[in-house]
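Chain by chain, the residues:
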Amino acid sequence: MRSRWLINLGLAILVAGLVLLAWRKPGLEPAPQHPALTDIDPAQVQAITIASNGEERLHLVRDGATWRLDRPVTLKALGYRVDSLLELLSTERFATFPLPDEATLAKYGLADTRPEVTFDDLTVRFGDQNPVAIRRYVAIGDQGYLVDDHFHHHATAPWHDWADRRLLPEDAVITALQLPGFSLLAEQGTWEITPDNGAGADALNRFVDSWKYAYAMAVALRSEERRV
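Residues numbered from 1 in each chain as written. Predicted model: local features only at pLDDT ≥ 70, side-chain atom pairs only at ≥ 80, totals over all residues. Heavy atoms only, no water.

Caption draft 1: Expanded view of the pattern of salt bridges. Tallied over the full model, the rule gives eight salt bridges. The residue Asp164 makes a salt bridge to Lys76 at a minimum N-O spacing of 3.8 Å. Here Asp164, found in the loop between helix H4 (152-156) and strand E10 (176-179), pairs with Lys76, found in strand E4 (residues 75-76); they are 88 residues apart in sequence, far enough to count as distant. Asp164 sits in the buried class, given a relative accessible area of 19%. Lys76 sits in the partly exposed class, given a relative accessible area of 37%. Counted as one network, the salt bridges with shared partners bring together Glu56, Asp63, Arg68, Asp70 and Arg71. (Salt bridge = Lys/Arg side-chain N within 4 Å of Asp/Glu carboxyl O. Helix = DSSP H or I, 4+ residues; strand = E, 2+ residues; numbered from the N terminus. Buried < 20%, exposed > 50% of the residue type's maximum accessible area, 1.4 Å probe, protein only.)

Written as structure tokens, this is what we have:
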């Protein structure tokens, strides 16, 4: 009985050693990291233009620590979405190849007019998806690259998907609200509602806070702006 226990213990130690050996892979160098698509620092980019079919669809500009839509409307932009698009500049390129002629461009879906993104003066054109690795062909000048397909949907998104839907600035201080049928006014730290409906202080504070952090359900151009 004791000998069987010792054999089982020895086998367990052997298996553990083999697992550790396989995990550490002695003698093998770590896989080399793929180079970045560009050497541009995303923090230095000041403007982004997104175009499709040769026509500009939207233009974004850096505004201090934030971004804003400059065309087709002027609105604060969603910072996290802009940051996600800027990651394209430093994403890994898994392949690099020349684009010497129209036939090569067509091979990778870069011959016809596709979405393109311009970061200041550098333009990245999008081509076909490589379905095997879920990556996408892109082009900068006459060079083609294969990158992760994390950015194409940004280049095809409508302008209103880039708009920050928060109704008021983060640092806004509400001192009065005028709404259909009633109004609220801050008086010495407390809210007064006119006409008085009997609402308590806690209910009024919650109501005002709901406006302070309110978001729009949708963003659209006004009818007169659509006709321009």
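Anyway, onward from the coordinates.
Caption draft 2: Expanded view of the nonpolar core. Ranked by internal contacts, the top residues of the largest apolar core, which has 30 residues, are Ile48, Leu60, Phe119 and Trp162. If you list the elements that add at least two residues to this core, you get strand E1 (47-52), strand E2 (55-63), strand E3 (66-71), helix H2 (79-86), strand E6 (116-119), strand E7 (122-130), strand E8 (135-140) and strand E9 (143-148). For this core, the element with the most residues is H2, which contributes three residues. With near-sequence residues (within four places) excluded, Trp162 lies in contact with Ile50, Leu58, Leu60, Leu69, Lys76, Ala77, Leu78, Arg81, Val82, Leu85, His154 and Ala157. The next biggest cluster of nonpolar side chains, apart from the first, holds eight residues, and it includes Leu105, Tyr108, Leu110 and Ala139. (Core = buried A, V, L, I, M, F, W, Y, C linked by side-chain atoms within 4.5 Å. Contact = heavy atoms within 4.5 Å.)

Caption draft 3: Structural view of H2. Arg81, Val82, Leu85 and Leu86 are the residues of H2 that are buried. Take H2 and look down its axis: the buried residues cluster within an arc of 140°, on one side only. Buried residues along H2 sit against E1, E2, E3, E6 and H4. (Arc of directions from axis to C-beta.)

Caption draft 4: View of the side chain of Asp148. Positionally, Asp148 belongs in strand E9. A distance of 3.3 Å separates polar atoms of two side chains, one belonging to Asp148 and the other to Arg135. (Polar contact = N/O pair within 3.5 Å; in protein donor to acceptor, adjacent residues only side chain to side chain.)

Caption draft 5: Here's a closer look at the pairing of strand E12 (residues 190-194). Covered by surrounding structure in E12 are Trp191 and Ile193 only, the residues Thr190, Glu192 and Thr194 on the alternate face being uncovered. Relative to E12, strand E11 (residues 182-187) runs antiparallel, the two being bridged by five bridges. Along E12, the bridge assignment pairs Ala186 with Trp191. Hairpin remark: E11 followed by E12, antiparallel, with two residues in the connecting loop; positive phi at Gln188, about 55°. (Pairing = 2+ DSSP bridges.)

Caption draft 6: Examining the confidence of the model for the protein chain more closely. Of the residues in the protein chain, 83% have a pLDDT of 70 or more, and the chain-wide mean is 84. Within the model, pLDDT remains below 50 along residues 224-228, and this stretch shows two contacts once partners closer than five positions in the same chain are excluded. (pLDDT = per-residue confidence, 0-100.)

Caption draft 7: Up close: the sheet that holds E11. Pairing is antiparallel across the open sheet formed by three strands, whose spatial order is E10-E11-E12. Bordering the open sheet on either side are E10 and E12, each of which pairs with just one other strand. Each strand of the sheet is rotated relative to its neighbour by a mean of 15°, with strand direction disregarded. Sheet contacts for helix H5 (residues 201-212): E10, E11 and E12; angle to E10, the most-contacted strand, approximately 80°. (Axes fitted to C-alpha atoms, helices over the stretch in contact; angles between N-to-C directions.)

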